[in-house]
Amino acid sequence: MYITYLKLKNWRNFRDAETRLAAVSYVIGPNASGKSNLLDVFRFLRDICKAEGGGLQKAIKDRDGISKLRCLHARRDPEVLIEVHLAERADDPDPIWKYRLGFKPEGKGAQRLLVSTEQVWLKGRPIRNRPDREDKNDLQLLTETHLEQTRANGEFREVADFLGSITYLHLVPQLLKYGDKIGGNRLEDDPFGQGFLERVAKTTKRVRDARLRKIGVALSLAVPQFKELRYHPDELGHPHLEALYEHHRPNAGWQREEHFSDGTLRLLGILWSLLDGTGPLLIEEPELSLHQAVVEQIPVLIDKLQRSAKSKRQIVISTHSQSMLGNPGINSLGVMVLEPGREGTHVRHVSDVEQKGLDAGLTVADVVLPDTRPKGVEQLGLWE
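What comes next concerns the included structure. As the structure is a prediction and not an experimental result, all values here were calculated from the model.

### Observations concerning the sheet that holds strand E12 (residues 281-284)
Backbone hydrogen bonds are what pair the strands of a sheet, in a parallel or an antiparallel way. What the six strands build is an open sheet, ordered E8-E12-E13-E3-E14-E15; its pairing is mixed. Looking at strand neighbours, the two that pair on one side only are strand E8 (167-169) and strand E15 (344-348), the edges of this open sheet. Neighbour to neighbour, the strand axes of the sheet diverge by 20° on average, direction disregarded. Pairing geometry for strand E14 (residues 335-341) and E15, over five bridges, is antiparallel. Looking at E15, one finds that glycine 341 is bridged to glycine 344. Across the sheet, helix H1 (residues 35-49) is in contact with strand E3 (24-28), E8, E12, strand E13 (315-318) and E14; its angle to E12 comes to roughly 150°.

Here is the structure:
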């Protein structure tokens, strides 16, 4: 399935926002406009649906409480609301599922955080509407969503399973290179790639080898002198990736991941994630550490992998990259522009004027990205 529509009320930067999504969506906007916060709403729904260690209360606690989640512009209405529509095709205007969740502090007594609304529609027919009579007789029931409860979500478990399949990637090469030396607690779901090698190791040998061969071909085109990639545990069984470069001696040229460049590791992680899983994939700023010529080809790589995959997955990318958005193959229907204002951030799509420019052969980088340029940025050069 695909998430085709998102509506937010009082979620972080967004006091009132709604947007459609495409099979591949690009989220662009100035710094601090809410790109990460927009992606986090999907992670939030995923965290509610976790089979272990999930649920509404945990998801809110992991984000430092309702006061950090609720939009600062929410003066009178304390409710945070999220609505998503799910369809079998990204361009289907008629969703199969609609799911709406609202929550807010109780406002009295124990100051519990309660579900204020939870509604589910299947092909336009309402199948769940909370609070119901049972909830009103026992408010403690409203501390949990039905989405997170297997005993309660039987009619719409497909929604819970789908949202639970969302994955997020913002691989930090230093955490992968020096994870053993850095130590410390690893975040749940490993969003920054510290446990990336363990994920590779847990994949079956046949699938792992096939993916690494495919990734190796891409790396050979993007990384100078790169020849081959392999999985090679050390003598203690710890997982490692090794690369062979053409300019090294045949028997001494294998290098472990700690010697890979940051760009090589980020590209490797992106490619692995694109091949791993079927649920929606959230990627933050994939252009970091990569040469602009490589960044330009990321939309092409995604398109090729989508075409060859048995099960196409939805991808949502946040980016500032002029190189990436300069690719003429980007579908303008998947571009979301964040515009911060006095009453929170607004989400818009490509305007009619911008679309005319795109139809004339210009790119998103030419006609849309300039609108996200910070006002007065030239003054930075005068700063003392």
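### Considerations on the nonpolar core
In this structure, Phe196, Leu229 and Leu241 are the most contacted members of the largest nonpolar core, which totals 50 residues. No other element matches helix H10 (residues 262-275), which puts seven residues into this core. Val120, Leu142, Ala160 and Leu338 belong to the second largest nonpolar core, which has 49 residues in total.

### Brief notes about the sheet that holds strand E7 (residues 125-130)
Reading across from one edge, E2-E1-E4-E5-E6-E7 is the order of the six strands in this open sheet, with antiparallel pairing throughout. If you trace the sheet from one side to the other, it starts and ends with strand E2 (14-20) and E7, each paired once. Across this sheet, the average inter-strand angle for adjacent strands is 10°, counted without regard to direction. One ladder, built from nine bridges, connects strand E5 (residues 97-105) with strand E6 (residues 113-122); its direction is antiparallel. Note that in E6 the partner of tyrosine 99 across the bridge is valine 120. Against the sheet, H1 contacts strand E1 (2-11), E2, strand E4 (80-87) and E5, and its axis sits at roughly 100° relative to E1.

### Topic: the packing of aromatic side chains
On inspection of all chains with the given rule, the structure shows five aromatic pairs. Between the NZ or CZ atom of arginine 43 and the centre of the ring of tyrosine 168, over which it lies, the distance is 4.1 Å. Arginine 208 extends its terminal NZ or CZ atom over the ring of tyrosine 231, reaching a point 4.1 Å from the ring centre.

### As for the pairing of E4
Burial of E4 is extensive: eight of the eight residues sit out of reach of the surface. Burial along E4 is two-sided: the face carrying Val80, Ile82, Val84 and Leu86 and the face carrying Leu81, Glu83, His85 and Ala87 are both buried. Where E4 and E5 come together, seven bridges link them in antiparallel fashion. Bridging across to E5, glutamate 83 finds its partner in arginine 100.

Thresholds, definitions, all that
Residues numbered from 1 in each chain as written. Predicted model: local features only at pLDDT ≥ 70, side-chain atom pairs only at ≥ 80, totals over all residues. Heavy atoms only, no water. Pairing = 2+ DSSP bridges. Helix = DSSP H or I, 4+ residues; strand = E, 2+ residues; numbered from the N terminus. Axes fitted to C-alpha atoms, helices over the stretch in contact; angles between N-to-C directions. Contact = heavy atoms within 4.5 Å. Core = buried A, V, L, I, M, F, W, Y, C linked by side-chain atoms within 4.5 Å. Buried < 20%, exposed > 50% of the residue type's maximum accessible area, 1.4 Å probe, protein only. Phe/Tyr/Trp six-rings, centres within 6.5 Å; stacked < 30°, edge-to-face > 60°. Lys NZ or Arg CZ within 6 Å of the ring centre and 35° of its normal.

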